[in-house]
Amino acid sequence: MNDRHSIIDRVLKNRPLTHGIFWCVILILQSQVFLYAGLDFKIVFVCTLALLPSIILAAYLLTYYQLPKLAYKKKYLLFFISLIASMYLFTFLGRVFTMYVAEPYLGIEKAPSLDHMWAVAGNIERLARNYLLAVYLAPFLMATIKLIKQRSQVRNEMEMLKKEKATSELNFLKTQIHPHFLLNTLNNIYALTLKKSEQAPASILKLSEMLTYVLYRCSETYVPIANEIKLLENYISLEELRYGKNLNLSFTKKIEDEDAMMAPLILLSIVENAFKHGASSATEVPEIKIKLTTTDGQLNFTVFNSIEKENNDENIRKGIGGKNIKKQLDLVYPNKYDYQVLKNEGSYEVRLKINLNSSTNEN
């Protein structure tokens, strides 16, 4: 199947070949029209050949000059004047070739004197009735095919530009996530080193595992959900090392398929926000509850965090992570997710649902 498509693509990209095929098809089709009228094949073929120079000239003039240089540039008056003049000229040439070449060759009529061309040129009604459709059917067909091809190319280019733009925006969002994540984590380790905690080496090891994952796997559009869970566990472990007993934390998960694919760093961004606004700014023991489940290709992720009453709601809404989460979801899961942020008295709760089957289909 791929070989067949490859051959067709090569043929379509070879312009002399495609144009040659087009004119062979036109010659056959126009001959068939005359054959249905009950004429002899030889007469039909010779008369069609006699018209072919006029048809070809009319087709290339219409397709490559009159439409793109005049009509498409809104020079409508010049276009119509040019079109009417060319219709007259090429129907006249078609009649001349038929009268002086085809008919004498077939023995139908003798070639008239050259003075007779003036009478032919003046009989506009006969030229239009007998030759206009025969000469201009192929040019209009060729122009239509060219227009369809151009529109198709424009659509393909627009789709490619949209994909490239989406990829660029997604990569930009990830570059925003990485420094944000590193800054938070390094602050955690710095706090441990100030306390000369024996847990500092363990936190560095956790950070190393996280950096390895972020640097080498998060460049992909989708990763196994098991990798994201491991990243969350490492991050939560670092935060637990930092806060110790001064944090009421729970992380529950029920995963149906750990090989299911999803976009990286989205879950981490949500958890980061919970710690940033729920734990780091708390004066009392903060509470964070994280729940992750996947069922029948549907991911459900809930993150609850308590907040101090004095915590500025506007600062929470302007956080880098929250903006990135929404933008990344729009790019990777358009119309395939539900993202809610619920503000309650003294708490925030983020609810995220994603159709993971869309990740599998695109991969």
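Refer to the structure above for everything that follows.
Residues numbered from 1 in each chain as written. Predicted model: local features only at pLDDT ≥ 70, side-chain atom pairs only at ≥ 80, totals over all residues. Heavy atoms only, no water.

Glancing now at the sheet that holds strand S2 (residues 248-255). Spatially, five strands are ordered S2-S4-S5-S7-S6 in an open sheet, and the strand pairing comes out mixed. Either end of the sheet is taken by a strand with one partner, and the two such strands are S2 and strand S6 (337-344). Recorded for the sheet is a direction-independent mean angle of 5 degrees between the axes of neighbouring strands. By the bridge criterion, eight bridges tie strand S4 (residues 287-295) to strand S5 (residues 298-306) in an arrangement that is antiparallel. (Pairing = 2+ DSSP bridges. Helix = DSSP H or I, 4+ residues; strand = E, 2+ residues; numbered from the N terminus. Axes fitted to C-alpha atoms, helices over the stretch in contact; angles between N-to-C directions.)

This brings us to the pairing of strand S7 (residues 347-355). Note that S5 and S7 share nine bridges and pair antiparallel. Following the sheet pairing, Gln298 is matched in S7 by Asn355. Where S6 meets S7, eight bridges bridge the pair, whose relative direction is antiparallel. Bridge pairing in S7 links Lys343 to Tyr348. Following S6, the chain reverses through two residues before pairing antiparallel with S7; Gly346 in that reversal takes a positive phi of roughly 80 degrees.

The residue Tyr131 is located in helix H6 (residues 124-194) in this model. In this structure, the C-alpha to C-alpha distance between Tyr131 and Leu51, residues 80 residues apart in sequence, is 8.9 Å. In this structure Tyr131 touches Leu51, Thr91, Gly94, Arg95, Thr98 and Arg126, once residues within four positions along its chain are discounted. (Contact = heavy atoms within 4.5 Å.)

Function-wise, these values are silent; they only describe arrangement.
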